[in-house]
Amino acid sequence: HDARMKAHLESVEASLEAMTWEREQVAASFTSQRADIQAGTDQFAESFAAHASALEAHKQSLEVKISSTARVEDRQVELNELRQRREAEKAFVLDRMFAEDDNNARA
């Protein structure tokens, strides 16, 4: 009876050791997987931050171009207004010159 009890106890101890070893393997695997997931998350966060930074730089570059384009368009409008004013002044001067010529011819 004692031998059977002793064999049973040894079997339970061996089973307990195997279960403890298995639990340690699962814990190690879990820790490793968690570290991999964290590394992946960190890498994604860095990549996302770099992408966001690049987009922000591109946005600022576009804003500068838009602002510069708007200034060019404003200058274009001013130039067109100046040209129209100059043409109107030229026409006015020519009209006066022709009117004076007519008056001189009549006199």
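Treat the numbers as computed from the prediction; the structure is a model and nothing was measured.

A word on the overall build of the protein chain. Within the protein chain, the regular secondary structure consists of 1 helix and 0 strands. At 46 Å, the protein chain has a C-alpha radius of gyration far larger than the 13 Å of a compact globule built from 107 residues. The principal-axis extents of the C-alpha atoms in the protein chain amount to approximately 155 × 15 × 5 Å. Of the roughly 10000 Å² that the protein chain leaves accessible, carbon and sulfur atoms contribute 58%. Separation of charge centres in the protein chain, based on 14 positive and 21 negative side chains, amounts to 8 Å.

It is worth spelling out a nonpolar patch on the surface at this point. Together, Phe92, Val93, Leu94, Met97 and Phe98 make up a nonpolar patch on the protein surface, roughly 510 Å² of accessible area in all. With respect to the helices and strands, the residue leucine 94 is situated in helix α1 (residues 2–106). On the accessibility criterion, leucine 94 (39% relative accessible area) is partly exposed.

Analysis parameters
Residues numbered from 1 in each chain as written. Predicted model: local features only at pLDDT ≥ 70, side-chain atom pairs only at ≥ 80, totals over all residues. Heavy atoms only, no water. Helix = DSSP H or I, 4+ residues; strand = E, 2+ residues; numbered from the N terminus. Rg over C-alpha atoms; globule rule 2.2 N^0.38 Å. Areas by Shrake-Rupley, 256 points an atom, 1.4 Å probe, with all protein chains shown as cover. Lys, Arg positive; Asp, Glu negative; His and termini not counted. Charge placed at Lys NZ, Arg CZ, Asp CG, Glu CD. Patch = residues over 30% accessible without salt bridge, like charges linked within 9 Å, V, L, I, M, F, W, Y side chains within 5 Å. Salt bridge = Lys/Arg side-chain N within 4 Å of Asp/Glu carboxyl O. Buried < 20%, exposed > 50% of the residue type's maximum accessible area, 1.4 Å probe, protein only.

Any functional reading would require information beyond the geometric quantities listed.
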